[in-house]
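So the chains spell out like this:
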Amino acid sequence: MQINVDGTLMNVGVLFSEIDIRERTKVIAQQINQDYGTKETLVVLIVLHGALIFGSDLVRNLEMPTEIETIRIKSYEGTSSTGNVTLVTPLPSSLDGKHVLVIEDIVDTGRSIDFLLKELQKTKALSVKICSLLDKPEAHEFPVKANYIGFTIQKNFVIGYGLDLNGKFRNLPYIANLTKA
Ligand code: HPA
Ligand code: MG
């Protein structure tokens, strides 16, 4: 399939179908259910907007008492890799004494999640783990490792299932590579 992005024709190549994603999400949720058990409360901290769709599908497969929180962070990309990250919304105030599972769409350079982990270290959360739909190991610039990973991908730009290009294409039910036609 091809789409027109601001006047440039781009190829959309499906990488993971709706069914692939659904099945993988169930497997990850089973791992999380096993690791955390069903008794203690888990705070699921969804990083907006990218992890909105994955997070909302994942939580419906979790079996422990779950609290859903969201956070928005913003990366200001510089001319090089010296980007800056800030919190757009404050950290939820209810994390103290609770297990926190951060839900991300993608670990690309790792800058955002590195920043967020440092912010979370300032809280009194009992534990902090990361679950990322996608991981792009070849792009990592920060030594972060997600505890749960949906799919490991190559260093291509992807869209869909929450991931955007300039705010668009998050609604695609699949994950696709975007390349110049
Ligand atoms: N696609 C969309 N958003 C992203 C990506 C990507 O490949 N990497 C980091 N943010
Ligand atoms: Mg984005």
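Residues numbered from 1 in each chain as written. Chains lettered and ligands numbered in written order. Predicted model: local features only at pLDDT ≥ 70, side-chain atom pairs only at ≥ 80, totals over all residues. Heavy atoms only, no water.

The protein goes by Hypoxanthine phosphoribosyltransferase in an unreviewed UniProt entry, where it is assigned to Silvanigrella paludirubra. Under the heading Subcellular location (unreviewed entry), UniProt records this for the protein: "Cytoplasm". Here the protein is described in UniProt, under the heading Cofactor (unreviewed entry), as follows: "Mg(2+)". (UniProt positions renumbered as here; feature names shortened; annotations may be inferred.)

S.K.: So what's going on with the site of ligand 1? Residues and values would help.
M.R.: As a structural note, the neighbourhood of ligand 1 is formed by Ile106, Asp108, Lys136, Asn156, Phe157, Val158, Leu163 and Asp164. Separating an oxygen atom of ligand 1 from a side-chain N or O atom of Lys136 is a distance of 2.9 Å. Note that a nitrogen atom of ligand 1 is positioned 2.5 Å from one of the backbone N or O atoms of Val158. For ligand 1, the accessible surface in isolation is 260 Å², of which the surrounding protein chains cover 80%. (Near = heavy atom within 4 Å. Polar contact = N/O pair within 3.5 Å; in protein donor to acceptor, adjacent residues only side chain to side chain. Areas by Shrake-Rupley, 256 points an atom, 1.4 Å probe, with all protein chains shown as cover.)

S.K.: How would you summarise the nonpolar core if you had to cite specific residues and measurements?
M.R.: Counting 28 residues, the largest nonpolar core has Ile32, Ile103, Cys131 and Leu134 as its most contacted members. Elements with a contribution of two residues or more to this core: helix H1 (18–36), strand S3 (42–48), helix H2 (52–59), strand S6 (99–107), strand S7 (127–135) and strand S8 (148–152). With five residues, the single largest contributor to this core is H1. In contact with Ile103, not counting residues within four places along its chain, are Val44, Leu45, Ile46, Val47, Ala51, Phe54, Gly55, Leu58 and Cys131. Membership of the second largest hydrophobic core comes to 21 residues, among which are Val43, Ile73, Leu120 and Ala125. (Core = buried A, V, L, I, M, F, W, Y, C linked by side-chain atoms within 4.5 Å. Buried < 20%, exposed > 50% of the residue type's maximum accessible area, 1.4 Å probe, protein only. Helix = DSSP H or I, 4+ residues; strand = E, 2+ residues; numbered from the N terminus. Contact = heavy atoms within 4.5 Å.)

S.K.: Tell me what's going on with the pairing of S6, and back it up with residues and numbers.
M.R.: Along S6, nine of the nine residues are buried, which leaves the element largely enclosed by surrounding structure. Sheet topology places S3 next to S6; five bridges connect them, and they run parallel. Paired with Val43 across the two strands is Val100, which belongs to S6. Relative to S7, S6 runs parallel, the two sharing eight bridges. The residue bridging Ile103 from the neighbouring strand is Cys131, located in S7. (Pairing = 2+ DSSP bridges.)

S.K.: Requested: an account of the packing of H1 against H2, with residues and values cited.
M.R.: Orientation of H1 relative to H2, taken along the N-to-C sense of each, is 60°, at an axis distance of 9 Å. It follows that H1 is oblique to H2 by the angle criterion. Here H1 and H2 pass one another in a crossing that is right-handed. Contacts between H1 and H2 involve Thr25, Ile28, Ala29 and Ile32 from the first element and Phe54, Asp57 and Leu58 from the second. (Axes fitted to C-alpha atoms, helices over the stretch in contact; angles between N-to-C directions. Parallel < 35°, antiparallel > 145°, perpendicular 65-115°, else oblique. Left-handed = near helix turned anticlockwise from the far one by under 90°.)

S.K.: Give a detailed account of the pairing of S3, specifying residues and quantitative values.
M.R.: The buried fraction of S3 amounts to six of the seven residues, a majority that puts the element mostly inside the structure. The pairing of S3 with strand S4 (residues 66–76) spans seven bridges and is classified as parallel. When the sheet's bridge partners are listed, Leu45 is paired in S4 with Glu69.

S.K.: Would you mind going over H2 in detail, with residue names and values included?
M.R.: Each α-helix turn comprises 3.6 residues. Residues three or four places apart therefore point the same way. Buried residues of H2: Phe54, Gly55, Leu58 and Val59, and no others. Along the axis of H2, the buried positions cluster into a sector of 120°, meaning they face one direction only. Each element contacted by the buried residues of H2 is listed here: H1, S3, S4, S6 and S7. (Arc of directions from axis to C-beta.)

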